[in-house]
Amino acid sequence: MGYYHSAYFAYGIHIPVDNQAAAWAEGERLDEELKNHKERCPDVGHLSAGDYDRDRLFLVTKSNEIQLGHYGRASSATAQQRANWDLQLAHAIQALGYSNIPDLEAPGWLCIPDLS
């Protein structure tokens, strides 16, 4: 068994969950729930990544994986595209029941390291 290192540049928001099991379970729920919201949130997906057994959950729109030893850059999305993503993420947050999370951060560009 070996380790796999990568990182992601993603536009989105961190969704706090209690532990990796919760992140995986919530990811499975999102797989199903997001299908019901494609009309208002066509670009919204989710990403689970983190430190081996401590994955974190993210709602994302644009996401690029960066392999170890390589580099990348965040997308050159326009202000209009980011505003559209912000609106889609806001709809998703509301529809998925995350609007009651205190101090939920605003969407933005994230650099997410991952160790599996």
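Residues numbered from 1 in each chain as written. Predicted model: local features only at pLDDT ≥ 70, side-chain atom pairs only at ≥ 80, totals over all residues. Heavy atoms only, no water.

**Considering the confidence of the model for the protein chain**
Here the protein chain averages 87 in pLDDT, and 95% of its residues register 70 or above. Averaged pLDDT values over the elements of the protein chain bottom out at 83 in helix H1 (residues 20-33) and peak at 96 in helix H2 (residues 79-95). (pLDDT = per-residue confidence, 0-100. Helix = DSSP H or I, 4+ residues; strand = E, 2+ residues; numbered from the N terminus.)

**Remarks on the environment of Val44**
Position of Val44 relative to the elements: it lies in the loop between H1 and strand E2 (45-51). For Val44, a relative accessible area of 3% corresponds to the buried category. For the pair Val44 and Phe9, spaced 35 residues apart in sequence, the C-alpha to C-alpha distance is 15 Å. Ignoring sequence-local partners within four residues, the contact set of Val44 consists of Leu34, Lys38, Leu59, Val60, Thr61, Gln88, Leu89 and Ala92. (Buried < 20%, exposed > 50% of the residue type's maximum accessible area, 1.4 Å probe, protein only. Contact = heavy atoms within 4.5 Å.)

**As for the side chain of Thr61**
Note on placement: Thr61 falls in strand E3 (residues 54-67). Residue class for Thr61 comes out buried when judged on its relative accessible area of 13%. If near-sequence neighbours (up to four positions away) are discounted, Thr61 is found in contact with Tyr11, Asp43, Val44, Trp85 and Leu89.

**Looking at the pattern of salt bridges**
Applying the stated criterion across every chain, the model contains 2 salt bridges. Put simply, Glu26 and Arg29 hold a salt bridge, and the shortest N to O gap is 2.7 Å. Taken together, the residues span about one helical turn, with Glu26 and Arg29 both in helix H1 at a distance of 3 residues. Ionic pairing is found between Lys35 and Glu32, a salt bridge with its closest N-O pair at 3.4 Å. By relative accessible area, Lys35 is classed as exposed at 54%. (Salt bridge = Lys/Arg side-chain N within 4 Å of Asp/Glu carboxyl O.)

**So, H2**
With 17 residues, H2 extends 24 Å between its outermost C-alpha atoms, agreeing within 8% with the 24 Å of an ideal straight helix rising 1.5 Å per residue. Of the residues making up H2, those classed as buried are Trp85, Gln88, Leu89, Ala92 and Ile93. Angularly, the buried residues of H2 cover 140° about the axis, an arc narrow enough to put them on a single face. Of the exposed residues in H2, those oriented more than 90 degrees away from the buried face are Ala79, Gln80 and Gln94. The inward-facing, buried residues of H2 contact strand E1 (5-15), E3 and strand E4 (108-115). (Expected span 1.5 Å × (residues − 1). Arc of directions from axis to C-beta.)

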